[in-house]
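# Report on the structure
Given next are the chains, with one letter for each unit.
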Amino acid sequence: MRDGEIPYENARILAKASQEGEIDEEELVDKARTQSPDKFAGTVRKHTQERSEDDGMSRLEHQRSRRFTNIKTDNTDGMTVLFGRFDPITGALLETALSQKMDELWREEDPRARRTPGQRMADALAHLVTRAETDEDENPPRGPRLLLIADYDVVSRELQERAAR
């Protein structure tokens, strides 16, 4: 890398792979010189899978152990922020379900008033998670049917005034 023979990104990919397990550095260094970072990342993945004795199961288990989802309220504007990491199998299932729902929503939209892809994905996720359009007798939606958002100080003051009367 110092001599400029290997791009920085490829050197980073190679270093990470060597930390995660046994690799043939000579073989990979040759490929790092000629491949783009995207292609080299795939080459390294294939190389580590071929050298693995467990067909990638320990890697999948490691990935699954690192899964998480976080949901919080952004105090600056009150919006809910959702973030998560999933193993490749779960991620593919989520991506497929979201893509199908996004496509369905796109077909239902008025072409003159299209949502952005990000808005459509947010709506698709909300539909899938809350089951917004299922038959209520068969699968009732989960969660609140009424959501009240109020300023605590205003409500508290109102309750104190009523109690004082």
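Residues numbered from 1 in each chain as written. Predicted model: local features only at pLDDT ≥ 70, side-chain atom pairs only at ≥ 80, totals over all residues. Heavy atoms only, no water.

Note on placement: histidine 47 falls in helix α3 (residues 37-51). Here histidine 47 falls in the buried class, since its relative accessible area comes to 5%. Discounting chain neighbours no more than four positions away, the residues touching histidine 47 are Ile23, Asp24, Glu27 and Leu28. (Helix = DSSP H or I, 4+ residues; strand = E, 2+ residues; numbered from the N terminus. Buried < 20%, exposed > 50% of the residue type's maximum accessible area, 1.4 Å probe, protein only. Contact = heavy atoms within 4.5 Å.)

Pairing analysis gives six bridges linking strand β1 (residues 68-73) to strand β2 (residues 80-85), with the strands arranged antiparallel. Bridging from a neighbouring strand, isoleucine 71 pairs with leucine 82 of β2. The hairpin turn running from β1 into β2, its antiparallel successor, is six residues long, and glycine 78 in that turn takes a positive phi close to 80°. (Pairing = 2+ DSSP bridges.)

A few words now on the nonpolar core. Ile6, Ala11, Ile13, Leu14, Ala17, Ile23, Leu28, Val29, Ala32, Phe40 and Val44 form the largest nonpolar core, which has 11 residues in total. Mapped onto this core, the elements with two or more residues apiece are α1 (8-20), α2 (25-34) and α3. No other element matches the four residues that α1 contributes to this core. Once residues lying within four places of it in the same chain are set aside, the contact partners of phenylalanine 40 are Asn10, Ile13, Leu14, Leu28, Lys31, Ala32 and Gln35. (Core = buried A, V, L, I, M, F, W, Y, C linked by side-chain atoms within 4.5 Å.)

As a further point, take helix α5 (residues 88-108). Here α5 contains 21 residues, and its C-alpha end-to-end distance of 30 Å stays within 8% of the 30 Å for a straight helix at 1.5 Å per residue. Among the residues of α5, those classed as buried are Leu98, Lys101, Met102 and Leu105. Within α5, the buried residues cover an arc of 105° as seen down the axis, which keeps them to one side. Of the exposed residues in α5, those oriented more than 90 degrees away from the buried face are Leu93, Gln100 and Arg107. Check the buried side of α5 and you find it contacts α6 (117-130). The residue sitting at the N-terminus of α5 and contributing the capping side-chain oxygen is aspartate 87; that oxygen lies 3.1 Å from the backbone nitrogen of isoleucine 89. (Expected span 1.5 Å × (residues − 1). Arc of directions from axis to C-beta. Polar contact = N/O pair within 3.5 Å; in protein donor to acceptor, adjacent residues only side chain to side chain.)

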